[in-house]
Every structure is written in structure tokens, then in C-alpha cells.
2 protein chains.
Amino acid sequence: MRAFSANVERLIEKFESLPGIGHKSAQRLAFYILGLSDAEAEDFAAAIVEAKHGVRQCSICCNLSDTELCPICASDTRDPRTICVVSDPRDVAAIERTHEYAGRYHVLHGVISPINHIGPDELRIKELIRRVGTEDIDEIIMATDPDTEGEATAMYIARLLRPFHIKITRLAYGIPVGGHLEYSDEVTLLRALDGRREY
Amino acid sequence: MRAFSANVERLIEKFESLPGIGHKSAQRLAFYILGLSDAEAEDFAAAIVEAKHGVRQCSICCNLSDTELCPICASDTRDPRTICVVSDPRDVAAIERTHEYAGRYHVLHGVISPINHIGPDELRIKELIRRVGTEDIDEIIMATDPDTEGEATAMYIARLLRPFHIKITRLAYGIPVGGHLEYSDEVTLLRALDGRREY
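Residues numbered from 1 in each chain as written. Chains lettered and ligands numbered in written order. Predicted model: local features only at pLDDT ≥ 70, side-chain atom pairs only at ≥ 80, totals over all residues. Heavy atoms only, no water.

Comments concerning the sheet that holds strand β6 (residues 167-170) of chain B
Residue and element names in this part refer to chain B.
- The parallel open sheet is built from four strands, whose spatial order is β4-β3-β5-β6. One side of each edge strand has no neighbouring strand; the edge strands of this open sheet are β4 (103-107) and β6. Neighbouring strand axes in the sheet, compared pairwise and without regard to direction, differ in orientation by 25° on average.
- In terms of strand pairing, strand β5 (residues 139-142) meets β6 through four bridges, oriented parallel. What sits directly across from Ile 140, in β6, is Ile 168.
- Against the sheet, helix α7 (residues 148-161) makes contact with β5 and β6, and its axis sits at roughly 175° relative to β6, the strand it touches most. (Pairing = 2+ DSSP bridges. Helix = DSSP H or I, 4+ residues; strand = E, 2+ residues; numbered from the N terminus. Axes fitted to C-alpha atoms, helices over the stretch in contact; angles between N-to-C directions. Contact = heavy atoms within 4.5 Å.)

Put into C-alpha cells, the structure is as follows:
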């Protein structure tokens, strides 16, 4: 028998439809929401609708934004001559957390993946080529994920950019900081060896 | 620098405020919402508001419901002479998943916890006493969690119910099905020994 009324079950189902949320987590989240004040629950609902309605892509870097330019492209403290190419807006957030990168980004919104029927035209690659053709760029840092698809996407884009004769770099591979050699796979270790640097 | 616009950051923060959701999960959930269609996102928001607005407690068992009676108390296939006392609506759902229990419930909405300043008056204990006084009850099954607070709450209620001279039982303790003796703590093993049954 349904343990709860239809509205409560519907809220649980909604949470369960989110990625990585199983049935028990969904229940926990739904009950947390039910325990909020009316105002807080409405505020949560409004945050969803407003984020969704306002969102579009930055006209320069294609990052998610609710203004014509994202905060980074709108800033005059960022170096417009360096572009870091990432596959996902979350990667922008990850690199921003280092507080070290001062250039701009370009968000591809995915990687080339024949299995998932995602070709180059589904990604923001033409937008990147257009930027490189019109902006004054010194360096493009390829920062897609270090897996097969991320690698292939980076290679594909690097090849497209070759005619522009600008510096194209790739994030370093190696053993993660705080990691253990013992648990590193052979390919990572090989890359770490290849990329060794002198003291 | 903020990687995203204010509305997107706000949505991430909202998800991060949920129990058990860290910053990275919150980002993942927020981007999932942003990837939905407008209609789907609005539907999610509406589910929150509608579940929250409609929700109240069943006038018999205090389970969450958006009708006067919850589906279980409203059903005439459930035995009204057996009450299973649980601390949380989620426990109702857990027991319903066994598809074996045919009685009704009583939801306390918490456990007695002096550390968190939750005394008996904060729980739906008087409502339970009133039910036992007015309904025709054969058995009360105490099904609060098998931890210190759940145990103390069950003992407290059992003592209050003693004057009614009805059968009061407690869920069996023991080793979990599929568990390993080796990993069971001493207290659980002791309870499993104490509660051993003849073939």
C-alpha cells in the first residue's frame, strides 16, 4: 500500500528522477522539504524556476549565465588572451576553485562521443574557432577530461586550431597529489614518468 | 571568481542546503535541473509547493497525508486492532515494503532526546494514548530504531501503556539477514543469542 498521499509520493518521485539519487535519498530529501517552512519551500521552488528561466549561454565562452556575458568574461581582471577549453560548466567551477587561473574559458558542453551520437557539431566547437579567428589569443589550454572521449575531443580541436599558429597546451597528466604510487594505474604512471620535471 | 551567474549559484546553494548533499552533488543536481525542459523544471517546482502546502498529519495515525486520513488508515483492508509505533514517516514506508504487515501505524515524529531538547510532549505520544483509550486495540508493536534514544522512547511509551493491559511487543533484535557474524557487534550478537528460537 502507498504509505503516503499522492502529493508526497510525487515529490519523492521527482527527487528520485535526479541523477545519483536513489529511493531512500529521495525520501529523505522530500521529507526535509516537507519539514521546511512554507516560505522556505516556496523559495526552493522559485530558485528552480528562476534559475531555469533565466539561464542561457555566455555569448563569448558559452558558460551558463543569466546575463549576456558570464561573470568571468565580463571581468576586466581576466586575461582575454588565454582560453581554457573545458567540456562542462562544472569544470569551470573546479578550475576557479584553484584561484590560480586568470584567463578565460570556453565551454564545449560535452565531448565527441560516437556511441552517444554526439559529433563535433553538437558541441560549441565552431564558437571556439570563431573566437580564435576574431579575438587576439596567445594560448589555448585543452582541459577536457583525461579519458578516451575527452582526449579524442582535445586532439580533434587541436588539429582544427593548427592553422592559427597559436600555442595549444594540454593539462599535465600524472599521479594525483596525495595519491599513492601503489594504487596508480600503469597508464597514469607512464604519463607521470614521461612528464617528469627537473628540480 | 563566481563561475556562474547569481541564479545558478542560488540554485546550487539550495540543493547544498539539503541533508546529505555536498557541494559537488549540489552542482550536479542543479545542472541536471537546468538541462530539463522549462515544463519539467516547473513541474519539479510545483511538486515542492504542492506537497508542502497540502501536507498535514493523518488525524488517526499522524503519518503525513494531504487528506484527513492517510491511505492506510482510510483502508478497510487493514486491521485496526494492531498499531505499529514508529518514529518517522519513512519507517512506515520501510515496513510497507515488506508487504506483510496488515495493521495500522502510529507516527511519533521523533524520539525522546534530552540532548536535542525533545521531550515526550514534542512527540505524538498523547495522540497514541488517546487512540489506545478510545479504539479497540489488541497489540501495540514498538518499532522505534534499535538505538539508545529509540529504545528509551519505546520503554517510556510501553510504561505509559501498561495500565491499558494490552499486548505490547518490540521488534526482534538479531543479526541482519545476509549479514556476517564476524562483523556483528557484541551487543547485537548477545541479543541474537538471547532471542534464539527453536527449529
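We are not done yet, so read on.
So, the relation of the copies chain B and chain A
- Superposition record for chain B on chain A: RMSD 0.1 Å, screw rotation 180°, translation along axis 0.0 Å. Considering both components of the superposition, the chain copies are consistent with a two-fold axis. Among all C-alpha atoms of chain B, that of Ala45(B) lies closest to the rotation axis, at 2.1 Å.
- The fraction of interface residues of chain B whose copies in chain A are also interface residues reaches 100%, indicating that both copies meet through the same surface. (Least-squares fit on C-alpha atoms with pLDDT ≥ 70 in both.)

What to know about the domain arrangement of chain A
- Taken domain by domain, chain A holds domain 1 (6-54) and domain 2 (77-171).
- In this structure, domain 1 of chain A and domain 2 of chain A have C-alpha centres spaced 34 Å apart. (Domains from an automatic or database assignment.)

Quick look at the sheet that holds strand β5 (residues 139-142) of chain A
All names here are of chain A.
- Pairing in this open sheet of four strands is parallel, and the strands run β4-β3-β5-β6 from one edge to the other. The open sheet has two free edges, formed respectively by β4 (103-107) and β6 (167-170), since each of these has just one partner strand. Direction aside, the axes of adjacent strands within the sheet are offset by 25° on average.
- Sheet analysis places strand β3 (residues 79-86) next to β4, joined by five bridges and oriented parallel. For Val 85, the partnering residue across the bridge sits in β4 and is His 106.

Re the interface of chain B and chain A
- With 59 residues of chain B at the interface, the matching set in chain A holds 59 residues.
- With both sides pooled, the region where chain B packs onto chain A buries about 5,600 Å², and carbon together with sulfur makes up 66% of that total.
- For the pair chain B and chain A, the interface holds eight salt bridges.
- Applying the counting criterion to the chain B and chain A interface returns 20 residue pairs in polar contact (both at pLDDT 80 or more).
- Breaking the side of chain B that touches chain A down by element, the ones donating at least two residues are α1 (6-16), α2 (23-35), α3 (38-54), β2 (64-65), α4 (71-74) and α5 (89-96) of chain B.
- Of all the elements, α3(B) adds the most residues to the side of chain B that touches chain A, at 14 residues.
- The residue inventory of the side of chain B that touches chain A, partitioned by class, reads 31 nonpolar, 13 polar and 15 charged. (Buried area = accessible area lost by both parts, 1.4 Å probe. Salt bridge = Lys/Arg side-chain N within 4 Å of Asp/Glu carboxyl O. Polar contact = N/O pair within 3.5 Å; in protein donor to acceptor, adjacent residues only side chain to side chain. Nonpolar A, V, L, I, M, F, W, Y, C, P; charged D, E, K, R; others polar.)

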